[in-house]
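# Chains, contacts and geometry: an overview
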Amino acid sequence: MAADDDALPEEAQKPQDPADKSATNAVEPSTKTTLEPSTKTTLKFYHALGFSGISSPAVQGRKLVEHISDDSFVYLTGKHVAVYTYETQKSHRFILKNPKTSRVLAFCVSSNKRYIALSEALYPEPNGGIQVSVYNFSTASKVRELGRGRFQSSPEGSQPPVVSMDFSRDNKYLATVTDPPNPYIYLWQLDKQRLAGMTEVHQKVGQVSISPWAHWELCTTGTSMLKLWRAQGNQLKCCDPLPREKTDSYRFICHQWFDSEKLVVGTAEGDLLIIENQELRRVVPTIFGPGKGVHCLAPACKGFLAGSDDRTMCLFERTYDTEYFKCFKTMQAPDKIGTGKLKVLDLSINPEEDSAIVFYSNNEIGQVNLTTIETLGDNDRVDKHNVFKRLPIGFHSDNVTALDVCVQRSVVVTASTDKHIRVWNFLKKQVEVDKKMDDVLGEVQSVAIHPSGSLLVAGYQTKLFVFLVLANDLQVCHEFPHIRQCKEVRFSKGGQYFAAIGYPWSRILVINSYTFQPLGCKDSPNGVPLAGHSLPVESICWAHNDQSLISAGSDGSVYEWKINNNGGKKNEDNESVIKSMNYHCIRYDDSCQMLAALGSLKTNPSDRADAAEYEVALRTIRFTQEHPPKAPQRVLNNPLKIPTSAQVASKSHRQTSRAIKASQVALSPLAKTLFVGTSAGQLLLYEWPPSDEKETPEPYTKLEVHQGEVAFVVLSHDEKHLFTVGAEDRCMFMFDVDITADGRPISRKPYPYAAFESVAYISQLEFDDRTRLMTELASHNEELQRRQQAEIQGLKEENQLELKQLEDEAADELRRMRHAMEESVQDAEDAKQQATQLETAATEAHMKTAEELEALHTKRIEEMEMRQRNLQEEKDDLVVRYENKLHKLRVEIHNERKQEDAMRKELEQTLSKEAENLRKEIKEAKRAIDGMIDESIYDYILELDGGDRESIEGLHEKWKQILDDRDIKCANAKTNTALFKTKGEKHEREIEQLEAKITASKEQERQLQIKAQEHMTTNDKLKLEIGQRNDTISASEKRILELKKETQELEKLRYVLTFKFGELRKEVAPKEEKIKEMNESIQEMDLELERIGIERDNLEQLLVEKDSRIASLMATLGKQNTLLDDKQRGTDQLIWELSNMIGMDNEDVNEQLHALVGRYSIRYEEEIGASQEKEKAAEFTRQRQYLEGQLSSIDNNNRAKESLLRHDNQAKTEENAMLVKEINVMRMEKKQLQQRLQQADSQHKELQAQLARVANTKDGRAAARPFSAPAPSTTKVRGPTAVNIEREKELAAKRARGRGPVKGRLIRGSTRSLKDLSDMNPQKLAEIVSQVERTNTYIRRQADEVTRLKAYVRELLEGAESGGTGSRPQTAPGGGLPRVNR
């Protein structure tokens, strides 16, 4: 099925925030609440590390990566969608989420790589709802949107997210599935934007997919479910491909479609299930080992790639037999990807199928070279052939604990609880160092890099280390055992000191980075710490050109320390203590001497009704270096305003949301901007420094970046790059920082990173090893050069000898070939004469064969008529015999029924008397029991009224009071809700008016730009057209001179070709009339044969039906005889038992009669039920056997006819292949001659007109020119164009009278002469075409009959399963099945 590129017509909707066309997408401010400052900062997404969903426990089976081209793939990172190109540019593009959505949950890409569908969660979560949007990759515009109103809601009112999606191959349908507690499967028709089917499932679904060959078939896999679905009406009908015991023994993870009805399913037990036509065909046992499951599958043309645990993958190859697939190569990723039990979460193979992208469970992304794998042997190691490659966009597998940026080098260093320290080069976009220390040291809690990039300090749980940063490694150069659990470490701006906060975290230790000696070590071996905080210090920063250190703690105090060789001293003039604050992040600006301190403030709930228990506030504190200070130190009590999620939520949902808190800050003095990261993953940009006004500053730009809290926000030294790290999504984003002042961009001098990055440090041991290796390689190279020179000299001598021999051989061969050519020319002339004779003989043989075929056809018709008469006579005899037998059976059955009715009446009279007696006894017993129950109830009521009535009344009053109080509270809440709703609507109207004005101004500006561009384009086109016209005029003048010289030759050629064409037309005309008559005769014969064949098939079908009816009646007679025998035996036994009662007493007789009646009534009911069930089962079996016989006979007939037709068609095709080639060659030559004649005619007329104009403008000398064209003849000659048109009309009329229009294609073959047209015999070609058409018609008719029979069988099966209560069709769709009555 071919993909339809135009399946989704794009709607006129506004493109989303980023354009997918650019390499890095600029992000404009999404919401502006205040006037823009004069200096404005714009952030552009530059690069990203890590992918989203790694921390989710339900990531198995869901799509994480998918290719959109040979070297680009798409995946989720943070809150957005990233497209990474890994072969050429190695760069990112981003598709940012819609401002109305909180995050992107899942995605899928269409088969033509043109569209992407995103599952989006709306604000506010979790009650904001969900939607699915379809975007165009090339234009980044939304073409379809499935809104929240189209999805089912849970009883609590929330909508579970869409976790898996899949496009159909024609891109017109989309399947989606939602998570519990309200899991539904939806099938959407995107081109009509309607729901094609849906159903509710009661289990968690991990993956849904649409069959590439049938959009109405779906497959879903979950932990304990594997089901196939078929869309019927507006519902999805379920089918279980596995039996119950198989389903319970597996945990299903993933699946993929192959061919039209083939499915491969991966399980957690490691087995692969092959399902075909909704049945389990084969189980491929685990090849990864016990306990290792199949987590993902990636399809390919030759097979598929499966991923498992321990970085293991297996490439399967198709076998096209009962084995289906076999393991081609099993491989394991090297340790550089990661160690431990890493899972392969997802795979994606590019369209060229030469490489695959792998997502691992440790947040790493790798590439597998599939071309190299195919060339490896069984014993070759994949790590030695560069099969696996680590892409530089992976990130830490656990939470990031520290982040720092170097000054002189373009590197950023990160540390994580996975015990790894990584050094990233953000300009080269690569990982330079990845270091993991021993597990006994514990987790890395802090890290800092020296401004020069040569040293790195890392704080572990047990001690503090100082590393030398080498070219590809970190080497320990010093350690501080007494500094344990260092939560933060900072290098000074000059690099001479670094400050560390060690346990017990209320003291700060400053250390010289050159001597590694703590300041004040003369007084104490471990140095003199800076002590003054009563609670742990949370953040530190350097200030005043490294002369001061500022610290902030959870006790609400901010201190400045003057640094000297003896340690440090607190500057009491610059300190701020707010005991209600709990600071955790500070940044200092030397230019304005202000400090930004971020912390949580304990508020009084009685002061503000809408305040949380702890409010996160960002306060600014002004410091001074003057002593004594001229002005007192100030704390600005107006904290920066952090917008809540309700302000960025969709305007259509006004629900209470959780508060958003600030988590990290960064300062840019050059951009005059304060960057604030929040707990909701936002990045807020404020004007810096803040004004002294009392009103609360608000951000002028808000960006949605991470899912969850922003753990770190750091600026590079040149303030051109910003880095953010998410605490929950484990991703890092890199931004380009652009600064504009008064609408003009500020140009900044680039920092010379290249001057410092050209120098790299290596250890002396490694340097000695490399020097020794270079020496060995140099000596080995010299030896190879000497050997190469000697070999070259020997080859030159050998080549000279061989060249001389070849020249001699070539001369001899040339003489021999000349002689052979002369002989070949003579042979060709002889062969040409023989071919002419053979062609004449072949024509006569073809005519003779046609006459024989016509005689054979007449003979077959006579035989078929004779056979038909015989079959009619046999049918009449069978009908007479059948009616006689049927009459006899009816008489016998009538007599038996009379006897049975008499016996049944006697038994009924006896049983009715006994039943009446039993009813009377039951009524008396029931009357006695009711009286006893009434007395018991009356006694219980008396006991209850006497004891607990007072306590019941007290409880009633208490609950009544509680209900009244709740009603009062509900009324008050409704009043407050109405007030808040009115205010929100007012603000919403104001925002909509401002947005409308902005949109109008942008649209006007865009229209003006379009008009200017159109004017410029028009000017360019006019200039180009003038130049082209000048060139055309000069070329035309030259061409006129050349045409004058060719006029005489063309005129002669025209007369010659016209004469030849007329001769050919006279030769072809008689042949075409003969072909027409033969085609009409063949068509009439074929129609007669088809009619006879249909009548024969109908007669055979009637005979089969008669036989089946006779067999059915015989089976019915056998059953009736058996039933009569059983009844006779029962009657004899009853008489014998009654005869035994003759000598008994009356009491014994009554007891025996009671027992006898009960036993026989039970037996009678059992026999009646069993007989009914047996009749139903027998009738169903008979119908099924009959239908199976019909289907088998039809299949056998079809196969026999198909084999005969195939043999005849093959023979006729081989016989007439040369005729088809001759026809096509003749048509091509005819068309070429017509074109050449028409061209010559037009050129001749043009030259005559030009010469006439020249003759009119010049004097009488022009009449004497020898090359003037002759006067046109007065005789009207019909040219090639008219002949061609008339010829086409004749052929069209013949096709209309004959077998209808035939569409064909040009078959290129050998070229033949025009004179062979008279020897062509097209009778065989017409016969083949008509025979193929009849065959196709018959096959289609048989296929329709089989389809109707299958539908009838399906209805019978459904009726049998439902118990046979409903009415059933009386006859099959074909009219040939017996009548069935239920």
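Quick notes on the rules
- Residues numbered from 1 in each chain as written.
- Predicted model: local features only at pLDDT ≥ 70, side-chain atom pairs only at ≥ 80, totals over all residues.
- Heavy atoms only, no water.
- Helix = DSSP H or I, 4+ residues; strand = E, 2+ residues; numbered from the N terminus.
- Buried < 20%, exposed > 50% of the residue type's maximum accessible area, 1.4 Å probe, protein only.
- Core = buried A, V, L, I, M, F, W, Y, C linked by side-chain atoms within 4.5 Å.
- pLDDT = per-residue confidence, 0-100.
- Contact = heavy atoms within 4.5 Å.
- Pairing = 2+ DSSP bridges.
- Phe/Tyr/Trp six-rings, centres within 6.5 Å; stacked < 30°, edge-to-face > 60°.
- Lys NZ or Arg CZ within 6 Å of the ring centre and 35° of its normal.
- Axes fitted to C-alpha atoms, helices over the stretch in contact; angles between N-to-C directions.

### Some thoughts on the overall build of the protein
Looking only at helices and strands, the protein has ten helices and 57 strands in total. When burial is assessed residue by residue, the protein has 40% of its 1382 residues classed as buried.

### A short note on the nonpolar core
One recurring pattern in soluble globular proteins is that nonpolar side chains are buried together. Residues Leu43, Phe73, Phe359, Phe675, Leu683 and Leu722 are the most contacted members of the largest nonpolar core, which totals 35 residues. When residues of this core are traced back to their parent elements, those giving at least two are β1 (39-49), β3 (72-77), β4 (80-85), β27 (355-360), β52 (682-687), β54 (710-715) and β56 (732-741). When residues in this core are grouped by element, the largest group, four residues, is from β56.

### Some words on the confidence of the model for the protein
Across the protein, the average pLDDT comes to 77, with 79% of residues at 70 or higher. Confidence drops under a pLDDT of 50 for residues 1294-1320, and excluding neighbours within four residues, the segment shows 43 contacts in the predicted structure. Every residue in residues 1364-1382 is under pLDDT 50, and counting partners more than four places away or in other chains gives 43 contacts.

### Section: the pairing of strand β44 (residues 557-564)
Burial analysis of β44 places six of its eight residues in the buried class, the great majority of the element. As defined by bridge partners, strand β43 (residues 548-553) adjoins β44 across five bridges and the pair is classed as antiparallel. Bridge pairing in β44 places alanine 552 opposite valine 558. Between the antiparallel neighbours β43 and β44 lie three residues, among them glycine 556 with a positive phi of about 85 degrees. Looking at chain direction, β44 and strand β45 (residues 567-577) are connected through seven bridges and run antiparallel.

### Quick notes on the packing of aromatic side chains
A complete count under the given rule lists 32 aromatic pairs for this structure. On the basis of an interplanar angle of 40 degrees and a centroid distance of 5.7 Å, the ring pair of phenylalanine 73 and tyrosine 86 is categorised as tilted. In this pair, phenylalanine 73 sits in strand β3 while tyrosine 86 sits in the loop between β4 and β5 (91-95), placing the two residues 13 residues apart along the sequence. The pair formed by phenylalanine 73 and tyrosine 86 is uniform in burial state, with each residue classed as buried. Here the aromatic rings of phenylalanine 73 and phenylalanine 359 are separated by 6.4 Å at their centres, their planes lie at 80 degrees, and the arrangement is edge-to-face. Residue phenylalanine 73 is located in strand β3, and its partner phenylalanine 359 is located in strand β27; the two are separated by 286 residues in the primary sequence. Phenylalanine 359 gets classed as buried once you look at its relative accessible area, which sits at 0%. Among the aromatic side chains, those forming a connected cluster through ring pairs are Phe51, Phe73, Tyr75, Tyr84, Tyr86 and Phe359. Just above the ring of tryptophan 213 sits the side chain of arginine 169; from NZ or CZ to the centre is 5.0 Å.

### Digging into the sheet that holds strand β19 (residues 262-267)
Reading across from one edge, β18-β19-β20-β21 is the order of the four strands in this open sheet, with antiparallel pairing throughout. This sheet does not close on itself; its edge strands, each paired only once, are β18 (252-258) and β21 (279-284). Strand-to-strand, the axes of this sheet are offset by a mean angle of 25 degrees, without reference to chain direction. Taken together, the five bridges between strand β20 (residues 272-276) and β21 define a ladder with antiparallel strand orientation. Bridge pairing links leucine 272 to valine 284 in β21.

### Some details on the sheet that holds strand β38 (residues 488-491)
What the four strands build is an open sheet, ordered β38-β39-β40-β41; its pairing is antiparallel. Edge strands, defined here as strands with exactly one partner in the open sheet, are β38 and β41 (530-531). In this sheet, strand β40 (residues 507-512) lies alongside strand β39 (residues 497-502) in antiparallel orientation, the contact comprising six bridges. Bridge pairing in β40 places glycine 502 opposite arginine 507.

### Considering the pairing of strand β23 (residues 303-307)
For β23, the tally of buried residues reaches five of five residues, placing the bulk of the element in the interior. Across four bridges, the pairing between strand β22 (residues 296-299) and β23 is antiparallel. The partner of proline 299 across the bridge, within β23, is phenylalanine 304. Connecting the antiparallel pair β22 and β23 is a turn made up of three residues. The pairing of β23 with strand β24 (residues 312-318) spans five bridges and is classified as antiparallel. Looking at the pairing, alanine 306 lines up with cysteine 314 of β24. Where β23 folds back on β24, the antiparallel hairpin that results is connected by four residues, among which aspartate 310 adopts a positive phi of roughly 55 degrees.

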